[in-house]
Amino acid sequence: ALRSVRGGLILEKLIALEGIEISDEKVDEKLGEVALSARQSVAQVKKMYQRQNGALEQLRQQIASEVALDRVVDSADVKLVEESMSPVDGLPGVSP
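Heads up: these notes are all about the structure in this document. (Residues numbered from 1 in each chain as written. Predicted model: local features only at pLDDT ≥ 70, side-chain atom pairs only at ≥ 80, totals over all residues. Heavy atoms only, no water.)

1. A word on helix 4 (residues 55-75)
Part 1 of the reasoning: Helix length check: helix 4, at 21 residues, gives a terminal C-alpha distance of 30 Å against a target of 30 Å (1.5 Å per residue), a fit within 8%.
Part 2 of the reasoning: What helix 4 keeps buried is the set Ala 55, Leu 59, Ile 63, Ala 64, Ser 65 and Ala 68.
Part 3 of the reasoning: On its buried face, helix 4 is in contact with helix 1 (2-18), helix 2 (24-38) and helix 3 (42-51). (Helix = DSSP H or I, 4+ residues; strand = E, 2+ residues; numbered from the N terminus. Expected span 1.5 Å × (residues − 1). Buried < 20%, exposed > 50% of the residue type's maximum accessible area, 1.4 Å probe, protein only. Contact = heavy atoms within 4.5 Å.)

Below is the structure:
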C-alpha cells in the first residue's frame, strides 16, 4: 500500500513538473473509448461520469498519469542483457 501511495505522489509531482494538462477534447476521447467498450453512447457515459461526484476529474487525472508514464518510458535508456547472464555477472569483485 505504501508503494502505491509513493507511486501516486511521484506521478503527481511529475505531472506538475512536466506541466501536463489534459484538454476537454482528450477527456471526451477517453469517454468515447469507455463508451465503445461498454456499448453505450458517449452521451450516456458522460452523463454517468457527471453524476458521480469527481469522476470526470479522476478520469482527467488518470489520463495525465498515463501521459506522464508514457514520457518516462519514452525517455528511458533500456539496455538488453543476455538471458544467460546473472545480474552480478561482469561486476568487478563479484562472483556468482
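Further notes follow.
2. A few points about the pattern of salt bridges
Part 1 of the reasoning: Per the counting criterion, the structure on display carries 8 salt bridges.
Part 2 of the reasoning: The closest approach of N and O atoms between Glu 29 and Lys 26, which form a salt bridge, is 3.6 Å. Placement of both Glu 29 and Lys 26 in helix 2 is noted, with a separation of 3 residues, approximately one turn of the helix.
Part 3 of the reasoning: Judged by its relative accessible area of 45%, Glu 29 is partly exposed.
Part 4 of the reasoning: Given the relative accessible area of 35%, Lys 26 is considered partly exposed. (Salt bridge = Lys/Arg side-chain N within 4 Å of Asp/Glu carboxyl O.)

3. Section: the nonpolar core
Part 1 of the reasoning: Counting 14 residues, the largest nonpolar core has Ile 20, Ile 22, Val 27, Leu 31, Tyr 49 and Leu 59 as the members making the most contacts within it.
Part 2 of the reasoning: Where this core is concerned, the elements lending two or more residues are helix 1, helix 2, helix 3 and helix 4.
Part 3 of the reasoning: Of the residues forming this core, the biggest block, 5 residues, is contributed by helix 4. (Core = buried A, V, L, I, M, F, W, Y, C linked by side-chain atoms within 4.5 Å.)

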